[in-house]
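What follows is each chain in one-letter form.
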Amino acid sequence: MCARIESKALLGVPAVWLASAVLLVASQIAWAQAPASPPEAGPSAGSLGLKAGEEISAGRIQELYRRILSDWSAGKVDQAPDELIELESTVVDDGEPKTRKALFAAEQAVIHEVAANDLEVLVPIAMLHHEAYRRYLERGSYEHPQAMVHTRTMARDLGVLYWEQSGSEGAGLVASRLLTSLGGMLQQFAQHLPAAELFQQAVELDARNTTAFLGLATIYEKNSQYESTVKVLRRLLEVDPQHAEARLRFAVNLRRQPHAAEAEGAEARKVLEELAAGEASWIGPLAVQELARLHGDEKRASEAEKVLRAGLERFAGDVRLHIQLAAVLDRRGAQAEATALVEKALSVPPSREASSRYLYNTVRREAFDEARTVIDESSRSRLSVLALALSGSTSQQPQQVEVGR
Amino acid sequence: MRRLAIYLAVAFGLGILPAAALAQVKVQIDSPTADQPVFGPTSVMVEVQGAEPVDRVEVFVDNQLKGTAKAPPFNFQIDVGDDNVRREFRAVAHTKTGKTATSTVVTVPVEITEVMNIKLKPLFVTVTRGGRRDLSLTQEDFQVFDNGTPQDLVTFGRDELPLTAVLLLDTSGSMVGGNRVEAVRKGAQAFIDGMKPMDEAMLALFSDRLLQFTPFTEDKSVLARDLGTVEAAGGTAVNDFLYMSLKLLEGRNGQRVVVLFSDGSDVHSVLSASDALWKARTGQALIYWIQLTGGEKRKSFVSAWRDYKSNDREYEVLEKAVVESGGRIERIDRIEDLEAAFRGILRELREQYAVGYYPSNLKGDGSWHKVDVRVRGGGRARTREGYVDY
């Protein structure tokens, strides 16, 4: 097994990395933010002691990258991603594409070296870049857009490389979750196009990745591509027919398709009825609301009323159901009861929780918890392999790469 | 209803029953007055005079204790129910030394002739001439047309009716930072500070959900207190909470108004803007919509709930609801302008003419009646564009 991996790694890595480099440049062109002004040398901002705008040789980049990998493998999970951010944001000058290439070449040289004997080290290295990217986003620090894109691309490409070189189902699962988690981060920050690409890749690597399917479907939905939404959700529901959120979105979008037929309306109604009657999560009241709207749209006010009354019995604390039923009754001439319902809605204590309608329109971080857990665990279990690989290669001289600032 | 009772009191003369007062303390129920119909939420206003300090005032309706107050003003909001029956209001003042004084008022069921009053159509008219509001007009200066038919005005006035307002304030996530919530607080506070006795308001702070609200109250301290406690969070559901506000105003009297502040458009409502429009058409409240635009043109947007086109349509329908109600949209560039916007709206409400007429052509068939108000001498009159006949 080891020999096969080593052989594949030696033969396959450079070609894939070449492809990655092309992808990297393309990505940077497509996704980059507005270029920042060239940084000037300034005081040290991090534990590596680098100064903003400082020129760093390729050898020094490799040395520092190796040190960061070493910290990461030693379990310094707080420190290592910040060091990586410090290194990459110092090296990459947003106005000078060569610096990105230099960084890539230097990191590639180190990875090539440490992964030569065991491809498994790619997982924790990818996770390190993933973590660095997460921190960039969460801190809202967009001063180094090209460095951000670089580290995200590294995480993605290392994941794909790991799968391509390993070829195992497990590798596909890990790589798929890595891409899903990255996609989730992008989606949270409304970067829909790159997120969709990542989700698409994720489902190609693992056709049972329901999180990626759902992420992809919600991007289609937000871009009003309702037929594509339905197609993706059908695939998800083949994997997990009881997935409540997918069922709700499926029902909602079935009716939105440009040429939705009566049969699709009936299918949507059936799904909503089941969810309205049996689903206890935030999906439940939403299914009630949407089922009532469906009846309302089809001029069946009495059915809408019935659905909402039954819904209120299940979800008595849902303010919106009170208001929706009041509006239905109001139009049916039952003004007094409608007023009473609105007044009753005010007896429900104000909620600190987001409403179900808000949740439907929001990318929820917890939706990606499973993917994150898988890659976290996969990374942690391989840290010792990375530490070993680094110790075995420290005697070697850093490779000289003729690019720099 | 309290205020209806007061207006009728002016028309029919006060009929307060004498209080069984002791020498040291006298108590009198100022509102409601005798021989008048009273329904629903009712304000009971009690006046206490005397040398002895008052310990408390209790109000009973049909011998049931409905409220106690320890200090003036002794005003009580009591929901007496919707039954058309005689009601006995009794106020008992207790002094610190244990003495008591009592006042009683008996209200009567509504008579059939007064049911006709429900058909009275009140209009609140803003008149401008040369860009300035004209406050010098008399009843004779107005002509009202209902579906093209001239109508006889039966009531006329300005700044006489108390206001009943819902301050519907968007405190969604987009209001986080930049002292935006503080600016909303100040703006609403400016409105509250300008309220007169008998005016009442309800405060509703919303996002995709209701974050904070008060009941309708004249008590400015209650309104001010709840203003300061909210944290911005979540999305925006204008339609749902505008419908709710209009519905709540339906059962109230005076010059009814919703002042909506929002920095965005609806995203998360289950109701559509057409539900809000329908409610605006069937009710009598004015809607003012203060929009924080940041000096930019409104941008189309998309969400998981609606595509660009639907969102644009929703916005247009909501605008229509505002205009048809007789209110208007006020766009502000900066959040700092909010306070002035609230003050300006309150001033405008005070400067509106209230004209009323009995429509001569009602059929109760749910049809739309277009209303047109003209002012002699060429002033520009803005009021609600019509109503649903039902």
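Scoring rules and cut-offs
Residues numbered from 1 in each chain as written. Chains lettered and ligands numbered in written order. Predicted model: local features only at pLDDT ≥ 70, side-chain atom pairs only at ≥ 80, totals over all residues. Heavy atoms only, no water. Helix = DSSP H or I, 4+ residues; strand = E, 2+ residues; numbered from the N terminus. Buried < 20%, exposed > 50% of the residue type's maximum accessible area, 1.4 Å probe, protein only. Contact = heavy atoms within 4.5 Å. Areas by Shrake-Rupley, 256 points an atom, 1.4 Å probe, with all protein chains shown as cover. Axes fitted to C-alpha atoms, helices over the stretch in contact; angles between N-to-C directions. Parallel < 35°, antiparallel > 145°, perpendicular 65-115°, else oblique. Nonpolar A, V, L, I, M, F, W, Y, C, P; charged D, E, K, R; others polar. pLDDT = per-residue confidence, 0-100. Buried area = accessible area lost by both parts, 1.4 Å probe. Salt bridge = Lys/Arg side-chain N within 4 Å of Asp/Glu carboxyl O. Polar contact = N/O pair within 3.5 Å; in protein donor to acceptor, adjacent residues only side chain to side chain. Domains from an automatic or database assignment. Pairing = 2+ DSSP bridges. Right-handed = clockwise from strand over helix to strand, strands pointing away.

Let's talk about the overall build of chain A
Piece 1. Scanning chain A from N- to C-terminus turns up 19 helices and 0 strands.
Piece 2. Scored against the burial criterion, the 405 residues of chain A give a buried share of 55%.
Piece 3. Within chain A, contacts between residues at least 6 apart in sequence are counted, and of these 67% link residues at least 24 apart.
Piece 4. Carbon and sulfur atoms form 53% of the exposed surface of chain A, whose accessible area is close to 17,400 Å².

Let's talk about the packing of helix H3 (residues 79-91) of chain A against helix H5 (residues 122-139) of chain A
All names here are of chain A.
Piece 1. At a closest axis distance of 9 Å, the pairing of H3 and H5 adopts a crossing angle of 80°. It follows from the interaxial angle that H3 and H5 lie roughly perpendicular. Here Ala80, Pro81, Asp82, Leu84, Ile85, Glu88 and Ser89 of H3 lie close against H5, whose contacting residues are Leu128, His129, Glu131, Ala132, Arg135, Tyr136 and Arg139.
Piece 2. Considering only residue class, the contact of H3 with H5 consists of 7 nonpolar, 2 polar and 5 charged.

Structural notes on unusual backbone geometry
Piece 1. Omega for the peptide link from B:Ser31 to B:Pro32 comes to 0°, which places this bond in the cis form.
Piece 2. The topology assignment puts B:Pro32 in the loop between strand S1 (25-31) and strand S2 (41-50).
Piece 3. Of the consecutive residues B:Pro72 and B:Pro73, the connecting peptide bond is found in the cis state with omega at 0°.
Piece 4. You can see B:Pro73 is positioned in the loop between strand S4 (64-69) and strand S5 (74-79).
Piece 5. Located in the positive-phi region is A:Ser224, a residue other than glycine, with phi close to 60°.
Piece 6. Counting through the fold element by element, A:Ser224 comes out in the loop between helix H9 (210-222) and helix H10 (226-239).
Piece 7. With a relative accessible area of 23%, A:Ser224 lands in the partly exposed category.

Focus: the confidence of the model for chain A
All names here are of chain A.
Piece 1. Within chain A, residue pLDDT values average 86, and 85% of them lie at 70 or more.
Piece 2. Across residues 1-43, where pLDDT falls below 50, the model places 65 contacts with residues more than four positions away in sequence or in other chains.
Piece 3. Overall, residues 395-405 carries pLDDT values under 50, and its contacts beyond four positions in sequence, including any with other chains, amount to 24 contacts.

Regarding the interface of chain A and chain B
Piece 1. At the interface, 35 residues of chain A touch 33 residues of chain B.
Piece 2. Both faces combined, the contact of chain A with chain B buries some 2,900 Å², and carbon together with sulfur accounts for 59% of it.
Piece 3. At the surface where chain A touches chain B, the tally comes to 4 salt bridges.
Piece 4. We note a salt bridge from A:Asp330 to B:Lys247, for which the minimum N-O separation is 2.9 Å.
Piece 5. For the interface between chain A and chain B, the tally reads 23 residue pairs in polar contact (both at pLDDT 80 or more).

Things to note about the domain arrangement of chain B
Interfaces are often sized by the amount of accessible area the parts lose when they come together.
Residue and element names in this part refer to chain B.
Piece 1. Here chain B is described as being made up of domain 1 (22-107) and domain 2 (117-390).
Piece 2. Taking only C-alpha atoms, the centre of domain 1 and the centre of domain 2 are 34 Å apart.
Piece 3. If you look at the interface, domain 1 gives 5 residues, while domain 2 gives 4 residues.
Piece 4. Summed over both partners, the interface of domain 1 with domain 2 buries about 290 Å², with 41% contributed by carbon and sulfur atoms.
Piece 5. When residues of domain 1 are sorted by the area they lose upon contact with domain 2, Pro41, Met45 and Gln77 head the list and together hold 81% of the total.

Notes on the sheet that holds S2(B)
Residue and element names in this part refer to chain B.
Piece 1. A sheet is described by the order of its strands in space; here 3 strands give the open sequence S1-S2-S5, paired in antiparallel fashion. Each edge of the open sheet is held by one strand with a lone partner, namely S1 and S5. Ignoring strand direction, the axes of neighbouring strands in this sheet form an average angle of 25°.
Piece 2. By the bridge criterion, 6 bridges tie S2 to S5 in an arrangement that is antiparallel. Looking at the pairing, Thr42 lines up with Ile78 of S5.

Details of the pairing of strand S17 (residues 286-292) of chain B
All names here are of chain B.
Piece 1. The element S17 is extensively covered by neighbouring structure, given that 7 of its 7 residues are classed as buried.
Piece 2. Along S17, one buried face is formed by Leu286, Tyr288, Ile290 and Leu292 and the opposite face, lined by Ile287, Trp289 and Gln291, is buried too.
Piece 3. Taken together, the 6 bridges between strand S16 (residues 255-262) and S17 define a ladder with parallel strand orientation. Bridging from a neighbouring strand, Val257 pairs with Leu286 of S17.
Piece 4. The β-α-β motif built from S16, the intervening helix H6 (residues 273-282) and the parallel element S17 has right-handed crossover chirality.
Piece 5. In this sheet, strand S18 (residues 329-332) lies alongside S17 in parallel orientation, the contact comprising 4 bridges. Within the sheet, the bridge partner assigned to Trp289 lies in S18 and is Ile329.
Piece 6. At this point the chain moves from S17, through helix H7 (residues 308-325), to the parallel S18, and the crossover so formed is right-handed.

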